[in-house]
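Listed below are the residues making up each chain.
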Amino acid sequence: MENSKNVQRLAKPSKTDWFKEIYLFYTQLAAGSLLIIPAIVLPLYYKSNILTEEYMFFLEFLGMLAGSVWISGASDRVGRKPALAISIALYSVGSFIPFIDRSFYALILSMLIMGSGIGANVPVANAMMNEFSEPSVRGTVMSIGNAIFNFGFIVAPILIFFFGVKLIFIFGILQLITLAPILRIPETKKPSHSSGFRDLYRGEHLKKTLVISFATFFVFFVVYGIVDWFPTLLSRGLVKVPAILQKDYILITNFGAFLGSLFIAPLVDRTGRRTLGIAVSSVAGITEVLTLLFSRIIPALAVALTFVSLFFMEGSLAIVTIMASELYDNDMRGRGLGNSLAWGRIGGMTSPLVLGSVLEIFQNPSLPFIVLGLSSICAAVLLHNLPETMQIKKL
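None of the values given here were measured: they were computed from a predicted structure. (Residues numbered from 1 in each chain as written. Predicted model: local features only at pLDDT ≥ 70, side-chain atom pairs only at ≥ 80, totals over all residues. Heavy atoms only, no water.)

## Things to note about the overall build of the protein chain
The helix and strand inventory of the protein chain stands at 16 helices and zero strands. Among the 395 residues that make up the protein chain, the fraction classed as buried is 58%. In the protein chain, of all internal contacts separated by at least 6 residues, the share reaching a separation of at least 24 is 86%. Split by element, the accessible area of the protein chain, about 15800 Å² in all, is 72% carbon and sulfur. (Helix = DSSP H or I, 4+ residues; strand = E, 2+ residues; numbered from the N terminus. Buried < 20%, exposed > 50% of the residue type's maximum accessible area, 1.4 Å probe, protein only. Contact = heavy atoms within 4.5 Å. Areas by Shrake-Rupley, 256 points an atom, 1.4 Å probe, with all protein chains shown as cover.)

Here it is in structure tokens:
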């Protein structure tokens, strides 16, 4: 009887009660705003060099990898609400550390803690968006959530420009206040026993886990290659562009990421996840080859093409996130999403290293674009080997 009552307390999908979605959207905005700290805040707050920024990005991604696996996996055992609360508390505490201690070691601790909170928040919030939404609008809701996460990359620089560097830390600390509304949100996953991530890699789940994991790896590889590695070509003068493009490259590409996520929102519940994912990944691959051709002939056009490529690959990123949430049932969704996004984090961490090594070894700025193009095509091929998930009705 008690178990029956627990099941009845679980949230039912609703088209009209948007408080839940708006709250989850806000957590994505906060997480996205804080994720940009190494790129925007460190140079201003710590007078850091590029090496320090890349090191801090690596630490933040390492924390995100841990959060994706640890806390999102725990959400299948203890429920989504406790896991969401832990993720918010972590990135809020991580924001507080640099505010009171500006030492290098405090910053390292901050990046790890903040990263683990952000890395946990994304899969848990996406799992809840999936479970709150009607199947007919599920993809749209999750795409909007991904777009709002990317919009955080734009909000953070604007806040810093008008109100100073410390505001972003204060913004992070204030997220502790947002723990209170969690009480108003119904639970979407009853606590249950699980055997951990081993379930994903055996039996009927093995093939789809491998395919969605590697697809997510290649999507993140391309996205963070464009965002993190391409600026090194600009800073080293290997692609010569006007100073304004070089200075504002991060803001330009972040805006492209936001638009790309928003672009697929009205399409993903009509065309299907698989078909749309194959299309946007393939177009991105073609665009990266065009970037290779124009990187020396018309450098400014090469920057515009990276914007277009990121536009489509962010659409692909939203799609692999949606599909990862729909390939698994309620009992495994947290682990499935966390595992997929963890592979994505690995792709994001290794991309600048691999592309930079290709450039250093062969001394040819064109070759990394070939690697990016092939990676986009690999993502499209892998998505082709997944079933369409749009019609899945079961929570």
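## A look at the packing of aromatic side chains
The tally for this structure, following the rule as stated, stands at 11 aromatic pairs. Between the aromatic rings of Phe61 and Tyr224, the centroid separation amounts to 4.9 Å while the plane-to-plane angle is 85°, which identifies the pairing as edge-to-face. In this pair, Phe61 is assigned in helix 4 (residues 50–78) and Tyr224 in helix 9 (residues 206–235), connecting sequence segments 163 residues apart. For the residue pair Phe61 and Tyr224, the accessibility class agrees, reading buried in each case. Measuring from ring centre to ring centre gives 6.3 Å for Phe263 and Phe312, while their planes differ by 85°; the resulting arrangement is edge-to-face. Of the two residues, Phe263 is situated in helix 11 (residues 249–264) and Phe312 in helix 14 (residues 299–326); the sequence distance between them amounts to 49 residues. Residue classification places Phe263 among the partly exposed residues on the basis of a relative accessible area of 35%. Overall, Phe312 belongs to the buried group, its relative accessible area being 18%. A connected cluster of aromatic rings, assembled from ring pairs, spans Phe61, Phe220 and Tyr224. When the ring centre of Phe132 is taken as origin, the NZ or CZ atom of Lys20, which lies over that ring, is 5.2 Å away. The ring of Phe19 has Arg184 sitting right over it, with the charged end atom 4.1 Å from the ring centre. (Phe/Tyr/Trp six-rings, centres within 6.5 Å; stacked < 30°, edge-to-face > 60°. Lys NZ or Arg CZ within 6 Å of the ring centre and 35° of its normal.)

## A closer look at the nonpolar core
Considering soluble globular proteins, one finds that nonpolar side chains tend to be buried as a cluster. Leu84 and Ile118 are the most contacted members of the largest nonpolar core, which totals 94 residues. Per-element tally for this core: the top contributor is helix 9, with 14 residues. Setting aside its immediate chain neighbours within four residues, Leu84 contacts Tyr23, Leu24, Asn121, Val124, Ala125, Met128 and Ile182. (Core = buried A, V, L, I, M, F, W, Y, C linked by side-chain atoms within 4.5 Å.)

## Let's talk about the pattern of salt bridges
With the rule as written, the count across this model stands at 10 salt bridges. Of the charged contacts in the structure, one is a salt bridge between Arg273 and Asp269, with a shortest N-O distance of 2.7 Å. A relative accessible area of 0% means that Arg273 is categorised as buried. For Asp269, a relative accessible area of 15% gives the class buried. Overlapping salt bridges bring together Asp76, Arg80, Glu131, Asp199, Arg202, Arg333 and Arg335 as one network. (Salt bridge = Lys/Arg side-chain N within 4 Å of Asp/Glu carboxyl O.)

## As for helix 6 (residues 104–132)
Between its first and last C-alpha atoms helix 6 spans 41 Å; for 29 residues at 1.5 Å apiece the expected length is 42 Å, and the two agree. Helix 6 sits mainly inside the fold: 24 of its 29 residues count as buried. (Expected span 1.5 Å × (residues − 1).)

## Remarks on the confidence of the model for the protein chain
Chain-level statistics for the protein chain give a pLDDT mean of 83 and a share of 84% at 70 or above. Ignoring residues within four places in sequence, the model shows residues 1–9, a span with pLDDT below 50, making five contacts including any to other chains. (pLDDT = per-residue confidence, 0-100.)

## Notes on the side chain of Gln175
Looking at where Gln175 falls in the secondary structure, it is placed in the loop between helix 8 (166–173) and helix 9. Accessibility expressed as a relative area gives 1% for Gln175, which makes it buried. From its side chain, Gln175 meets the backbone oxygen of Phe171 in a polar contact 2.6 Å long. Look past the residues within four positions of Gln175 in its chain and what remains in contact with it is Tyr26, Ala30, Ile88, Tyr91 and Ser92. (Polar contact = N/O pair within 3.5 Å; in protein donor to acceptor, adjacent residues only side chain to side chain.)

## Notes on the side chain of Ser72
Within the element layout of this structure, Ser72 appears in helix 4. On the basis of relative accessible area, Ser72 is assigned to the buried category, the value being 0%. Setting aside residues no more than four positions away along its own chain, Ser72 makes contact with Gly67, Pro123, Val124, Gly334, Arg335 and Gly338.

## Details of the packing of helix 15 (residues 333–362) against helix 16 (residues 367–384)
Helix 16 packs onto helix 15 with a crossing angle of 145° between their chain directions and a minimal axis gap of 8 Å. As helix 15 runs across helix 16, the sense of the crossing is right-handed. Here Leu355, Val358, Leu359 and Phe362 of helix 15 come into contact with helix 16, specifically with Leu367, Pro368, Val371 and Leu372. Here the contact of helix 15 with helix 16 is built from residues that sort into eight nonpolar, no polar and no charged. (Axes fitted to C-alpha atoms, helices over the stretch in contact; angles between N-to-C directions. Left-handed = near helix turned anticlockwise from the far one by under 90°. Nonpolar A, V, L, I, M, F, W, Y, C, P; charged D, E, K, R; others polar.)

## Some points on the packing of helix 2 (residues 19–35) against helix 7 (residues 138–163)
At a closest axis distance of 7 Å, the pairing of helix 2 and helix 7 adopts a crossing angle of 35°. Of the two elements, helix 2 crosses helix 7, and the hand of that crossing is right-handed. Packed against helix 2, whose contacting residues are Glu21, Phe25, Gln28, Leu29, Ala31, Gly32, Ser33 and Leu35, the element helix 7 presents Val141, Ile144, Gly145, Ile148, Phe149, Phe151, Gly152, Phe153, Val155 and Ala156 at the interface. Of the residues assigned to the contact of helix 2 with helix 7, the class counts are 12 nonpolar, five polar and one charged.

## Examining helix 7
Along an α-helix, residues three or four positions apart point the same way, because every turn accommodates 3.6 residues. Compared with an ideal rise of 1.5 Å per residue, which puts 26 residues at 38 Å, helix 7 spans 36 Å between its outermost C-alpha atoms and is within 8% of the ideal. A bend of about 25° at Ile154 is the largest found in helix 7, and the proline Pro157 appears one to four places after it. (Bend = angle between axes of the 7 residues up to and from the residue.)

## Quick word on the environment of Ala106
Here Ala106 lies in helix 6. On a C-alpha basis, the gap between Ala106 and Gly94 in space is 9.6 Å, while along the polypeptide they are 12 residues apart. Apart from the residues lying within four places of it in its own chain, the contact partners of Ala106 are Ile97 and Asp101.

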